[in-house]
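Each chain, letter by letter, is given below.
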Amino acid sequence: MEYFDALAQTRHFGRAAELAGVTQPALSSQIAEMEQRLGCRLFERGGKSAGMTEEGRALQPRIEAILNEMRDLESVARRGRLAMDGRLRLGIIPTVAPFLLPRFLPELRVLFPALTLELREAVTQTLVDETLAGRIDAALVALPLEQAGLTAEPVFEDTFLLAIPASEPGFVKPPIPPESPVLERLMLLEEGHCMREQALAVCGSVRPAAMANYGATSLTTLLQMVAHGFGVTLIPSIALAAAEEMRDIRVVPFAEPSPSRTLGLVWRRGSARRNECVALAATLRRLFRSDDPGDVQREPDPHREQRQEADDEERPAVPDTVGGDVDRGMRIA
């Protein structure tokens, strides 16, 4: 059933074997034996790919339910030996994973050395569906999340800031009000990312003109576009350190009350891994809830200013979409 589950998720024999931790011939043999015992075909073969038959699709939710019960049973048994050991499958949204994991994973290894963490990075709705189906044990997402069958534990508040090109020092004066025309140049993530809707909510009555032209799949891509003068973007404070490493980007605050999102951990209601999920949430809260993005209007680095002045002499001025002539020449950091 675990091999069936792996193949149902990947629809590819090679990737399913890798996911299950066996060789491809071993997985193919077990699937064939399962089909023989059940007296029906579960997958349609086409080279290494595998499409599910009608019988396979009918069996999939039953098999998932059985596997979830087995995993819950194993979790209950483990509680008597050692907390937080074995395999735990955690989902994280893409606007959090690259910035949270470098701090979170080393801490987790120290606190729970017997825990094997399997990570799944995907948009919120995918993580919700997979948590409900039992394919993952918990997910770190933005709250509130109105979804029956899930328990949510708030972890920390993540304040939003605005990333603008550093080559345009006179472009905007912080703090940024929600009606600022600079937000017309706001670039957004693709449909399906919760931060896209959060960005639109920050804009208020201003409609971002750039939303029709750009739809990035990652925050890192948006920051690169900002660094090269294509527009501005919303950035959560959890990603501030990564943005500050890009010297072609300037980060400025919004006017109070600052917009923010609440990040939290969700898991299936009634899950036998509830205590482990609560422990994960507590670890995340301790690491990140007291983080202060600091005063993003820091005194400028004098070396950076010297570099900027040298660059400005070589940069041609081009018209800005908001108003005035500004320097839009860009240099890769």
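Residues numbered from 1 in each chain as written. Predicted model: local features only at pLDDT ≥ 70, side-chain atom pairs only at ≥ 80, totals over all residues. Heavy atoms only, no water.

## Observations concerning the overall build of the protein
Along its length, the protein carries 11 helices and 12 strands. Taking all 333 residues of the protein together, 46% fall into the buried category. Of the accessible surface of the protein, which amounts to about 16900 Å², a share of 51% is contributed by carbon and sulfur atoms. (Helix = DSSP H or I, 4+ residues; strand = E, 2+ residues; numbered from the N terminus. Buried < 20%, exposed > 50% of the residue type's maximum accessible area, 1.4 Å probe, protein only. Areas by Shrake-Rupley, 256 points an atom, 1.4 Å probe, with all protein chains shown as cover.)

## Thoughts on the pairing of strand β10 (residues 260-268)
Counting buried positions along β10 gives seven out of nine residues, so the element sits mostly inside the fold. In the sheet, strand β5 (residues 138-143) pairs with β10 via six bridges, with the strands oriented antiparallel. Bridging from a neighbouring strand, V141 pairs with G264 of β10. (Pairing = 2+ DSSP bridges.)

## Overview of the packing of aromatic side chains
Counted under the stated rule, the structure contains two aromatic pairs. On the basis of an interplanar angle of 55 degrees and a centroid distance of 5.3 Å, the ring pair of F4 and F43 is categorised as tilted. Residue F4 is found in helix α1 (residues 2-10), and its partner F43 is found in strand β1 (residues 43-46); the two are separated by 39 residues along the sequence. Residue F4 shares its accessibility class with F43, and that shared class is buried. (Phe/Tyr/Trp six-rings, centres within 6.5 Å; stacked < 30°, edge-to-face > 60°.)

## A closer look at the nonpolar core
Inside soluble globular proteins, nonpolar side chains tend to come together where they are buried. The biggest cluster of nonpolar side chains holds 75 residues, and the ones touching the most others in it are L100, F104, L162 and L265. Broken down by element, this core gets its largest block of residues, eight residues, from strand β6 (residues 150-165). Residues within four places of L265 in sequence aside, it is in contact with L90, A138, A139, L140, T151, A152, E153, V155, C277, L280 and A281. Formed by 16 residues, the second largest nonpolar core is a distinct cluster that contains A6, A16, A50 and I63. (Core = buried A, V, L, I, M, F, W, Y, C linked by side-chain atoms within 4.5 Å. Contact = heavy atoms within 4.5 Å.)

## A closer look at the confidence of the model for the protein
For the protein, the average pLDDT comes to 79, and 80% of its residues sit at 70 or higher. Strand β12 (residues 325-327) is the least confidently modelled element of the protein, averaging 29 in pLDDT, while β5 averages 95, the highest of any element. Confidence drops under a pLDDT of 50 for residues 291-333, and excluding neighbours within four residues, the segment shows 71 contacts in the predicted structure. (pLDDT = per-residue confidence, 0-100.)

## A closer look at the side chain of H193
Following the sequence through the fold, H193 ends up in the loop between β7 (186-187) and α7 (194-203). Residue H193 is classed as buried on the basis of its relative accessible area of 9%. Residue contacts for H193: discarding those within four places in its chain leaves P94, V123 and T217.

## Some words on the packing of α1 against helix α3 (residues 24-38)
Contact pair α1 / α3: the axes reach a minimum separation of 9 Å and the direction vectors enclose 105 degrees. Taken together, the axes of α1 and α3 lie roughly perpendicular to each other. In this structure, α1 contributes Y3, F4 and L7 to the contact, and α3 contributes L27, Q30, I31 and M34. Class assignment of the residues belonging to the contact of α1 with α3 gives a composition of six nonpolar, one polar and no charged. (Axes fitted to C-alpha atoms, helices over the stretch in contact; angles between N-to-C directions. Parallel < 35°, antiparallel > 145°, perpendicular 65-115°, else oblique. Nonpolar A, V, L, I, M, F, W, Y, C, P; charged D, E, K, R; others polar.)

## Describing the side chain of T124
One can find T124 in helix α6 (residues 124-133). For T124, the contacting residues outside a window of four places in its chain are I93, V141, L145, G192 and C194.

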